[in-house]
Amino acid sequence: MLKNRKAYLISLAAGGALLFVPLLRDLHFESAMLAAIIGCYWASFKASRSRLPDHDLLIASRILSYLYTAAVPLLIYALINGCLTFDGFGFWIFTPAPSVFLGVATGRLCRMLRLPAPGLLSFLILSLFSVGILIWQFTSFPQVYFFNHVWGYWPGPIYDESVVLSVNYLLFRFITLLWVLVLWILPVWSDNSTKKWVFILSFVSLLFSYLNYSELGFITPEEKIRDQLGSAIQTEHFNIYYSKEYFDEKEISLQALKHEFYLHKTLAELDMTWPEGRTINSYLYPNAWKKKDLVGAKFTSYVPVWLEQDQLHIAKQQLNAVLHHEIVHVVSKQFGNELFNGSRSTGLIEGLAEAIAKDASQQSTLHQIVAAQEPLPTADEIRSTLSPIGFYSGAGAISYTTMGSFTRFLLDQYPARLLKMSYPKGDLRPVYEKDIDSLVAEWHRVLRDTPVDSTDRSVSELIFAQRSLFEKSCPHNIPQRLRLWDSYRYNLAESDTVLADKIMDDLFHIDTDNPLIKAEWARTKLRKAGSQQVIDQLDDPDSLLTLKVLLTDAYYMNGDRDQARTMLQSMADEIRNSKDLTFRYTLDMRSDSLNWSHHLDRRYRNELPDSSVFLQLSLPNKVLSLQKALELNNERKMIQYSTHLLNEYIPDYFFGTIVGHVDQLIYLKNSELARDWIHKLKKDDLRARYRERLVLLEDWFRFRIGVTGS
C-alpha cells in the first residue's frame, strides 16, 4: 500500500514538472503522446517479466492509473487558465490507453511464447512500431502528419495550432486495439473456438485496414494527391498538378511560367545549373484546408527535402507569397547533406530561402526590419537560432526574418560557394574561417549602416511582437470565434458566399463588440445590399473610424446622401490625422457624388467604370479601379486604365498595385506598355524594398521576353 502511495506521489510530481515545459504542460496531444510512449514501453517491460499470467490486465490498469494521476496537474492547470478543450481531453483518452494495452500485449506475447530475452525483444518489436514505421513513412511519402500505434499522432507543422480529434484518429486507434487482440490471443489462439474466431476476425480486419491504408487517410502517397487534384501541366523542369475547378487556364499558365522564372533566378543567385533531366513535382492545392486534409499542413507551405523526388506543396492562397521561397528549398536540396538533403542548421535552411526570396515584407528589406529593432540580435542568439531547438523556440516570423537578414549578409559579402559548402553541416566557422562572433559583428556593421524610417519600425515592431507557440499558455485552445472565422475563410475560398455570410452573421452575434468582426460583417452586408442593417447596427458615435466610414457608405447606398456627406465631413479631421495609412485616401475616394458612387460600385458590386468616366475619377479611385480590373481578370479594362495612368504621378502608397498590374502586362506579352511602366517607376525615388521588387520585375520582364521570343 505504501509502495503504491509513493508511486502515485511520484506520478503527481512528474506531472507537476511538466508544467514548466512549454507545450507539454498543455493537456493536449503532445503530453498525451509522451504519456503513451512511457506507458507503452513500461507496460511491455512489466508484462514480459510478470510471473502471474492473470495479472496482465492489472498491469495495464495500474500503469494507466499512474499516467492519469500525472495528468491531474495538467488538468488543474488547464481548468485554471481556461485551456481545457474537448480535443485535448479526447487525446488523453484515446492516446495513452490503447498504447498501454499494446505494450502489455507485446510483452505478454514474448513471455508466453518463452522467447529469449522477452523484455528486450518486446522493446525491439515496439521500436519497430514506433520508430521503424515512422522512418518508412517519412522516407516514402510527402505527408507531414503521422499516425503511430505506440505514440498516437503527429498532426503536422507546429505553426498550424488547431489540432482536432478527428474521426481518422479514432479509427486508427481502433486498429491499434485490433493489434492488441491479435497479439493477446496469438499465444493461446487454439485453446477454444471463440478465441480462434476472435483471432481470425481481428487478423482479417487488420489485413483489410492495411490494404486500404491510404484510402482510410493514414498515409498519402503522391499518386493519391494527383488523383485528388485531377489535372497536370508540364514545363521544362516542372510537373505541376492542380484542380481545374480552382485554377483557370490563364492562372495555371502564369504559375507555370513563374515556377520556371523563380528556378532560373535562384540558380543564378547561387551560381548553379540544374541537373539535366531532373524534374520537380509541384502540387498546387485548391486551398489550405484541402492541403491540411491531404498532407497535414494547412497554412504552412513546404518542400519535403528528405524525399528523393523534388517537390513543392502549396495552397492557392499562399502561392504568390511563397513560391519563390519554396523553390529555394528545392534548389538548396541539391547541395544538402546526405542524411536528408538539407542542413543540420534549421536557421540556414530557412534563412537561405528568406535571403533569396526576400518576402518577409512588401515595404521593408530584411536588413531594415532587423536594424529597426534594438538591441540587435547577439552572436549567442544567432548561434541558438542556427540550431533546430533555438530556431523553433522563437516566433516563426522572428526566426525567419533574423536568419534571412544574416544569410543575406553572407551572400552579399562573401562568395555564394562558401554558404553552399557550409550548408550541409550548418557550421560556418571552418569554411568562412571566422567564428560566429566575428561574422555577427560584421553583420551588425551592415545593419547600423542601413537607413530605417517609421514604416520600417512599424513593420519590425509587428514582426518582433509575435509570440511563438511555446510562449502561449493555451497553444491549442482555439476560441469559438476563431473557429468560425476559419470556417468563414474556408467558405470564401470555396466561393460559397451564402454559407460564408451565414457564418459571418453567427460570428457577429457571438462577438458583437469585436470591431474587426463588426467591420467584416458590415462589408458582407453592403455587398448584399443590406445597408439598412448596417445603419441599424453601426450607428454609434463612439465606434472606431473604420466602422464610421462604413456607416457613411451605408447611408450613401441607402439613398440618404446628405446624411452620408454630413457624417463624412464631421470626421474629416480625424481621417486626415489618422496614422493608419488605409485612411490616406478615404476623403479623395468620396470627394463628390461621381467618385463616391463609383467607389461603392467597384468595392461592393465589382463594377468597373468605362474609359470616359475613369478619366473623371480621383487618382485613388483610378488606381483601385485598375486593381479591381486585375482581380476580375478583365484584361481589356486593365490595359485601358494602365494606359491612362501612365502619365500621372503615382504615390508610393500604390506601388504594390502598380507592380502587380505590370507583372500581368509582362505575362500578357504587352512588352511596350510594361517597359514604359518600368521606366516610369525607375525614375521615382523609391524605398529600398520597392527597388528590390522593381529589380525582380525587370528580371521577370527579361525572362518572359526570352521565353516568348517577343
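Below is a short write-up of the structure. (Residues numbered from 1 in each chain as written. Predicted model: local features only at pLDDT ≥ 70, side-chain atom pairs only at ≥ 80, totals over all residues. Heavy atoms only, no water.)

Here we come to the overall build of the protein chain. Broken down by element type, the protein chain carries 35 helices and six strands. Compactness check: the protein chain gives a C-alpha radius of gyration of 30 Å against a globular reference of 27 Å for 710 residues, within 12% of the reference. For the protein chain, the spread of C-alpha atoms along the principal axes amounts to about 95 × 65 × 50 Å. When each of the 710 residues of the protein chain is scored for burial, the buried share is 53%. Taking as baseline every contact in the protein chain between residues at least 6 positions apart, the subset at least 24 positions apart corresponds to 70%. Carbon and sulfur atoms form 56% of the exposed surface of the protein chain, whose accessible area is close to 33200 Å². In the protein chain, 75 positive and 79 negative side-chain charges are present, and the distance between their average locations comes to 6 Å. (Helix = DSSP H or I, 4+ residues; strand = E, 2+ residues; numbered from the N terminus. Rg over C-alpha atoms; globule rule 2.2 N^0.38 Å. Buried < 20%, exposed > 50% of the residue type's maximum accessible area, 1.4 Å probe, protein only. Contact = heavy atoms within 4.5 Å. Areas by Shrake-Rupley, 256 points an atom, 1.4 Å probe, with all protein chains shown as cover. Lys, Arg positive; Asp, Glu negative; His and termini not counted. Charge placed at Lys NZ, Arg CZ, Asp CG, Glu CD.)

For the rest of this paragraph, the subject is the packing of helix H24 (residues 515–527) against helix H26 (residues 545–557). Interhelical geometry of H24 versus H26 gives an angle of 15° and a closest axis separation of 10 Å. Classified by the interaxial angle, the pair formed by H24 and H26 is roughly parallel. Considering only the axes of H24 and H26, their crossing is left-handed. Contact residues: H24 offers Pro515, Lys518, Ala519, Ala522, Arg523 and Leu526, while H26 offers Thr546, Leu547, Leu550, Asp553, Ala554 and Met557. Across the contact of H24 with H26, the residue classes break down as eight nonpolar, one polar and three charged. (Axes fitted to C-alpha atoms, helices over the stretch in contact; angles between N-to-C directions. Parallel < 35°, antiparallel > 145°, perpendicular 65-115°, else oblique. Left-handed = near helix turned anticlockwise from the far one by under 90°. Nonpolar A, V, L, I, M, F, W, Y, C, P; charged D, E, K, R; others polar.)

What follows deals with a positive patch on the surface. There is a patch of like positive charges on the surface, built from Lys46, Arg49, Arg51 and Arg62. Within the secondary structure, Arg62 sits in helix H3 (residues 56–81). We classify Arg62 as partly exposed; its relative accessible area is 37%. (Patch = residues over 30% accessible without salt bridge, like charges linked within 9 Å, V, L, I, M, F, W, Y side chains within 5 Å. Salt bridge = Lys/Arg side-chain N within 4 Å of Asp/Glu carboxyl O.)

Attention shifts here to the environment of Ala297. With respect to the helices, strands and loops of the structure, Ala297 is situated in the loop between helix H11 (288–295) and strand E6 (310–315). For Ala297, a relative accessible area of 0% gives the class buried. Remark: the alpha-carbon pair of Ala297 and Asn670, spanning 373 residues in sequence, is separated by 38 Å.

Counting residues in hydrophobic clusters, the biggest one holds 91 residues, and the most contacted among them are Leu312, Leu352, Phe406, Leu410, Trp677 and Trp700. The element that contributes the greatest number of residues to this core is helix H10 (residues 249–269), accounting for eight residues. Apart from the residues lying within four places of it in its own chain, the contact partners of Leu312 are Phe238, His259, Ile280, Asn281, Ser282, Tyr283, Tyr302, Val303, Leu323, Glu326, Ile327 and Val330. Counting 53 residues, the second-largest nonpolar core is a separate cluster that includes Trp92, Val104, Val150 and Ile175. (Core = buried A, V, L, I, M, F, W, Y, C linked by side-chain atoms within 4.5 Å.)

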